[in-house]
Amino acid sequence: MPLEGEYEPSTTQWVREQVEVYESSGGTKGTTLWDTGRPVVVLTTRGAESGKIRKAPVMRVEYGGRYAVVGSLGGSPRHPLWYFNVKADPHVELQDGPVKQDMMAHEATGEERAEWWQRAVAVFPRYADVQKKTSREFPVFVLEPVVGQ
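Residues numbered from 1 in each chain as written. Predicted model: local features only at pLDDT ≥ 70, side-chain atom pairs only at ≥ 80, totals over all residues. Heavy atoms only, no water.

Caption draft 1: Region of the structure containing the pattern of salt bridges. According to the stated counting rule, one finds nine salt bridges in the structure shown. We note a salt bridge from R60 to D96, for which the minimum N-O separation is 2.8 Å. On the criterion of sequence distance, the pair formed by R60 in the loop between β2 (53–59) and β3 (61–63) and D96 in strand β5 (residues 91–96) is long-range, its members being 36 residues apart. Residue classification places R60 among the partly exposed residues on the basis of a relative accessible area of 27%. Judged by relative accessible area, which is 15%, D96 ranks as buried. (Salt bridge = Lys/Arg side-chain N within 4 Å of Asp/Glu carboxyl O. Helix = DSSP H or I, 4+ residues; strand = E, 2+ residues; numbered from the N terminus. Buried < 20%, exposed > 50% of the residue type's maximum accessible area, 1.4 Å probe, protein only.)

And the structure:
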């Protein structure tokens, strides 16, 4: 079941604009990260504190119908805000081009994290570089389609 509720756009201008372009075009425009040309998807979460719907473009890391999202925040010493939303409510929505799916997320650890980290770095090599900028290990969430919806 899709996430419903009041949508509150990001206060970060480029995030807000990219989500607007992505969604207003039905997923045919804004599908790459502006400065890299790498493919992105839109992650929709419910705000951990506000309960409002939040959206963020994240790198497209897909394998076998499952996706990973990496909480890099450009190498910042803190997690992105969406991290706390997913921890509080793992039911998310993912838009990959024109396709929207309900997904359940879990934080990968151990071997599963290592496998998905390799896939993420293959898609977006900058992850490896920005990981070196901080002592914080970037969280990796695996998103799996909700079955029977």
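Caption draft 2: The packing of aromatic side chains, seen in detail. Scanning the model with the defined rule gives seven aromatic pairs in all. When the centroid spacing of 5.0 Å and the interplanar angle of 90° are considered together, the rings of Y83 and F84 count as edge-to-face. Residue classification places Y83 among the buried positions, given a relative accessible area of 11%. For F84, a relative accessible area of 40% gives the class partly exposed. (Phe/Tyr/Trp six-rings, centres within 6.5 Å; stacked < 30°, edge-to-face > 60°.)

Caption draft 3: Quick look at unusual backbone geometry. Here L73, not a glycine, exhibits a phi torsion of approximately 45°, which is positive. Along the polypeptide, L73 turns up in the loop between β4 (66–70) and α2 (81–88).

Caption draft 4: Main features of helix α1 (residues 13–24). Taking 1.5 Å per residue, 12 residues should reach 16 Å; α1 reaches 16 Å between its end C-alpha atoms and fits that length. At the exit of α1 stands G26, carrying a positive phi of roughly 70°. (Expected span 1.5 Å × (residues − 1).)

Caption draft 5: Quick look at helix α3 (residues 110–123). Helix length check: α3 (14 residues) gives 20 Å between terminal C-alpha atoms against 20 Å at 1.5 Å per residue, within 8%. Of all the positions in α3, only R113, W116, W117 and A120 are classed as buried. Angular distribution of buried residues about the axis of α3 spans 110°; they occupy a single face of the element. With respect to the buried face of α3, the exposed residues turned more than 90 degrees away are E111, Q118 and A122. Elements that come into contact with the buried residues of α3 comprise β3, β4, α4 (126–131) and β7 (140–145). (Arc of directions from axis to C-beta. Contact = heavy atoms within 4.5 Å.)

Caption draft 6: Local environment of the sheet that holds β3. Reading across from one edge, β2-β1-β5-β6-β7-β4-β3 is the order of the seven strands in this open sheet, with antiparallel pairing throughout. In the strand order of this sheet, the two ends are held by β2 and β3, each with one partner. Each strand of the sheet is rotated relative to its neighbour by a mean of 35°, with strand direction disregarded. Looking at chain direction, β4 and β7 are connected through four bridges and run antiparallel. Along β7, the bridge assignment pairs Y67 with L143. (Pairing = 2+ DSSP bridges. Axes fitted to C-alpha atoms, helices over the stretch in contact; angles between N-to-C directions.)

Caption draft 7: Expanded view of the side chain of H79. Looking at the element boundaries, H79 is found in the loop between β4 and α2. Polar contacts involving the side chain of H79 include one to the side chain of R136, which spans 2.9 Å. Not counting residues up to four positions away in its chain, the partners in contact with H79 are L73, F84, R136, E137 and P139. (Polar contact = N/O pair within 3.5 Å; in protein donor to acceptor, adjacent residues only side chain to side chain.)

Caption draft 8: Molecular detail of the environment of V147. Relative to the helices and strands, V147 resides in the segment after β7. When the C-alpha atoms of V147 and G26 are compared, they prove to be 23 Å apart, with 121 residues separating the residues in sequence.

Caption draft 9: Spatial organisation of the pairing of β4. In terms of residue burial, β4 counts as a mostly covered element, since four of its five residues are buried. Sheet topology note: the β3/β4 ladder contains three bridges and is antiparallel. Looking at β4, one finds that Y63 is bridged to R66.

All we've got here are geometric facts, nothing functional implied.
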